[in-house]
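Chain and residue survey
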Amino acid sequence: MTILLFGITKDIVGQPTLSLSHSEAQGLHTAGELKSFLKDNFPEMKNLSSLAIAVNSEYAQDDYPIQEKDEIAIIPPVSGG
């Protein structure tokens with residue numbers, strides 16, 4: 001599973017993409033499970049005020065099912081003026 005990272009999430013992980021092995025991805029069935037996985041493995045993400053997940057270019061709620069072949073993006077909090 002390949003996850004695209006943007007903004008501060010890219011800085012936290014230290015690269016623009018995160019590749020999970022098949023065994024790591026096997027236990028992740030929903031966007032919420034992926035969020036928990038990321039916060040467990042990258043504790044700095046727990047400090048973000050929000051963390052959105054997009055699956056195949058659409059925002060996903062925590063119960064949204066994910067699969068290894070999906071295009072997944074992590075979208076950190078955004079501010080604008």
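What counts and what doesn't
- Residues numbered from 1 in each chain as written.
- Predicted model: local features only at pLDDT ≥ 70, side-chain atom pairs only at ≥ 80, totals over all residues.
- Heavy atoms only, no water.
- Helix = DSSP H or I, 4+ residues; strand = E, 2+ residues; numbered from the N terminus.
- Rg over C-alpha atoms; globule rule 2.2 N^0.38 Å.
- Salt bridge = Lys/Arg side-chain N within 4 Å of Asp/Glu carboxyl O.
- Buried < 20%, exposed > 50% of the residue type's maximum accessible area, 1.4 Å probe, protein only.
- Polar contact = N/O pair within 3.5 Å; in protein donor to acceptor, adjacent residues only side chain to side chain.
- Contact = heavy atoms within 4.5 Å.
- Pairing = 2+ DSSP bridges.
- Axes fitted to C-alpha atoms, helices over the stretch in contact; angles between N-to-C directions.

Tallying secondary structure elements over the chain gives three helices and five strands in all. Listed N to C, the secondary structure of the chain is β-α-β-α-α-β-β-β in terms of helices and strands. In summary, the chain has a C-alpha radius of gyration of 12 Å against a globular reference of 12 Å for 81 residues, a match within 12%. When its C-alpha atoms are laid out on the principal axes, the chain stretches across 40 × 25 × 20 Å.

It is worth spelling out the pattern of salt bridges at this point. What the rule picks out here adds up to one salt bridge. Of the charged contacts in the structure, one is a salt bridge between K35 and D62, with a shortest N-O distance of 2.9 Å. Here K35, found in helix α3 (residues 31–41), pairs with D62, found in the loop between β4 (58–60) and β5 (72–75); they are 27 residues apart in sequence, far enough to count as distant. For D62, a relative accessible area of 41% corresponds to the partly exposed category.

Assignment of secondary structure puts T9 in helix α1 (residues 7–13). A polar side-chain atom of T9 sits 2.6 Å from the main-chain carbonyl oxygen of F6. Not counting residues up to four positions away in its chain, the partners in contact with T9 are M45, L48, L51, I74 and P76.

Judged by which residues are buried, strand β1 (residues 2–5) turns out to be one-sided: I3 and L5 face inward and are buried, whereas T2 and L4, on the alternate face, are not. The sheet contact formed by β1 and strand β2 (residues 17–19) spans three bridges and is antiparallel. If you follow I3 over to β2, its bridge partner there is L18. Sheet topology note: the β1/β5 ladder contains three bridges and is parallel. Paired with L5 across the two strands is I74, which belongs to β5.

Moving on, we get to α3. The set of residues buried in α3 consists of A31, G32, L34, K35, F37 and L38. For α3, the secondary structure elements touched by its buried residues are β1, β2, α2 (22–26), β3 (52–55), β4 and β5.

Read from one edge of the open sheet, five strands run β2-β1-β5-β3-β4, paired in mixed fashion. A strand with exactly one partner marks an edge of an open sheet, and here the two such strands are β2 and β4. Going from strand to strand, the sheet's axes swing by 30° on average, the running direction of each strand aside.

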